[in-house]
Amino acid sequence: METAENTPHKRRPHYRGTHPHTYAEKYKEQNPEKYPEEIEKVISKGSTPAGMHIPIMVNEILEVLSIRPGESGLDCTLGYGGHTRKMLECLAGTGHLTALDVDSENIVRTEKMLREEGHTKEELSILHLNFRDVQKAAERFGPFDFVLADLGVSSMQIDEPERGFSWKREGPLDLRLDPARGETAAERLKTLDRDELTGLLIDNADEPYAEEIAAKVMSALRKKKPVETTTQLADLVREAVTGAMTGCKKEEIEETVRKSCSRTFQALRIDINQEYESLSSLLDALPDVLNPGGRVAILTFHSGEDRIVKKQFKEAFREGRYQRIASDVTRPTGEECHRNPRAKSAKLRWAIR
């Protein structure tokens with residue numbers, strides 16, 4: 001039997017050069033309590049520490065929701081609990097907050113953390129539920145006085161290579177929000193033809209090189225080349241875009257490749273998780289799960305989501321289901337975008353029943 005005296009000391013991971021590069025090597029960033037100076041240094045440089053999720057537009061959201069003690073609220077996207085904590089602070093130990101998350105792994109980790117921080121089931125209920133099924137949550141805990149839906153992918157999901165959300169990190173081409181359900185992005189690609197993939201890239205990401213990327217990916221699959229990891233797909237996107245930009249400057253090509261990789265992964269993620277369909281279902285149900293005077297805030301991160309929110313808010317307003325809606329989007333401040341680059345594409349819209 002091993003004892004404390006004879007147990008081998010486990011050394012931290014070593015890395016080449018002066019700075020860690022992979023997620024596993026960034027052990028300081030993943031231990032904010034032990035290395036607060038490192039965390040602040042990373043944030044001050046305009047980067048997000050590995051394994052950390054910084055909630056976006058907190059002040060703007062709280063102003064819109066105008067939460068009062070004793071009210072009942074709904075957080076449609078629990079994530080790592082950043083916005084959840086702020087809303088609970090506003091409730092001041094009274095009322096009740098219900099939080100949903102579709103990610104079967106993330107929800108366990110976040111609930112454990114929040115319970116250890118002292119948030120009891122009397123003030124916070126957490127459900128493993130896609131927000132398209134918001135009416136199920138309302139049947140148990142509603143109607144609600146305020147609702148938040150942060151549609152951004154959690155930084156925890158992006159940073160963990162095994163989830164396959166980032167084209168910058170080697171990992172399985174997965175992209176499922178709930179890793180316990182549905183087909184992976186790699187499996188999905190095998191069911192598409194060239195026209196379907198082209199349409200998917202255009203509809204879900206406005207990708208200008210959709211035809212070239214679709215042709216390259218389908219050619220690889222026909223030749224039985226593996227398209228099963230994040231880097232394998234990213235390499236195909238790079239080949240397609242580079243081939244279409246013959247004669248352009250290297251810097252211009254590299255920037256376009258980065259954007260096309262991001263859009264391609266976004267398009268696939270939206271497709272396999274049926275994100276647009278889920279968002280439409282949520283928006284259609286929201287007025288019915290709100291109390292009169294109830295407030296809702298939606299945080300989007302790309303034009304496709306924002307178009308859906310804008311359209312359905314307007315339709316619901318015309319039908320008399322909302323008394324007021326935002327006339328325009330609210331964006332994060334320049335200071336926030338510097339401290340948290342992942343906030344740059346955020347847009348906030350709101351409505352009041």
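Thresholds, definitions, all that
- Residues numbered from 1 in each chain as written.
- Predicted model: local features only at pLDDT ≥ 70, side-chain atom pairs only at ≥ 80, totals over all residues.
- Heavy atoms only, no water.
- Patch = residues over 30% accessible without salt bridge, like charges linked within 9 Å, V, L, I, M, F, W, Y side chains within 5 Å.
- Areas by Shrake-Rupley, 256 points an atom, 1.4 Å probe, with all protein chains shown as cover.
- Salt bridge = Lys/Arg side-chain N within 4 Å of Asp/Glu carboxyl O.
- Lys, Arg positive; Asp, Glu negative; His and termini not counted.
- Charge placed at Lys NZ, Arg CZ, Asp CG, Glu CD.
- Helix = DSSP H or I, 4+ residues; strand = E, 2+ residues; numbered from the N terminus.
- Buried < 20%, exposed > 50% of the residue type's maximum accessible area, 1.4 Å probe, protein only.
- Pairing = 2+ DSSP bridges.
- Right-handed = clockwise from strand over helix to strand, strands pointing away.
- 1 Å grid on protein atoms, 1.4 Å probe; cavity = no way out; pocket = protein on both sides within 12 Å on 5 of 7 lines; lining within 4 Å.
- Points joined across faces, edges and corners; volume = space filled by probe spheres on them.
- Nonpolar A, V, L, I, M, F, W, Y, C, P; charged D, E, K, R; others polar.

What to know about a negative patch on the surface
On the surface, Asp-193, Asp-195, Glu-196, Glu-211 and Glu-212 cluster together into a patch of negative charge. When contributions to the negative patch are tallied by element, the ones reaching two or more residues are α8 (194-205) and α9 (210-222). With respect to the helices and strands, the residue Glu-212 is situated in helix α9.

Regarding the environment of Glu-196
Tracing the sequence through the fold places Glu-196 in helix α8. Note: C-alpha distance between Glu-196 and Ala-214 (18 residues apart in sequence) is 8.6 Å.

What to know about the pairing of strand β1 (residues 72-75)
The two faces of β1 match: Ser-72 and Leu-74 on one face and Gly-73 and Asp-75 on the other face are all buried. Pairing of β1 with strand β2 (residues 96-101), which is carried by four bridges, proceeds in the parallel orientation. Note that in β2 the partner of Asp-75 across the bridge is Ala-99. Following the chain from β1 across helix α3 (residues 82-91) to the adjacent parallel β2, one finds a crossover that is right-handed. As paired elements, β1 and strand β4 (residues 144-150) share three bridges and run parallel to each other. Looking at β4, one finds that Asp-75 is bridged to Leu-148.

Quick notes on empty space enclosed by the protein
The method is simple in principle: a probe with the dimensions of a water molecule rolls over the atoms, and the space it marks as empty is what remains. One pass over the full model with this rule turns up one cavity of 30 Å³ or more. Thr-77, Phe-131, Asp-150, Leu-151 and Gly-152 are, among the 34 residues lining the largest cavity, the residues nearest its centre. Looking at the lining of the largest cavity, the elements that each hand over two or more residues are α3, β2, β4 and α12 (275-289). For the lining of the largest cavity, the leading source of residues is α12, giving four residues. Classifying every residue of the lining of the largest cavity gives 13 nonpolar, 14 polar and seven charged.

Remarks on the environment of Gly-82
In this structure, Gly-82 sits in helix α3. Residues Gly-82 and Pro-55 lie 27 residues apart in sequence; the distance between their C-alpha atoms is 5.1 Å.

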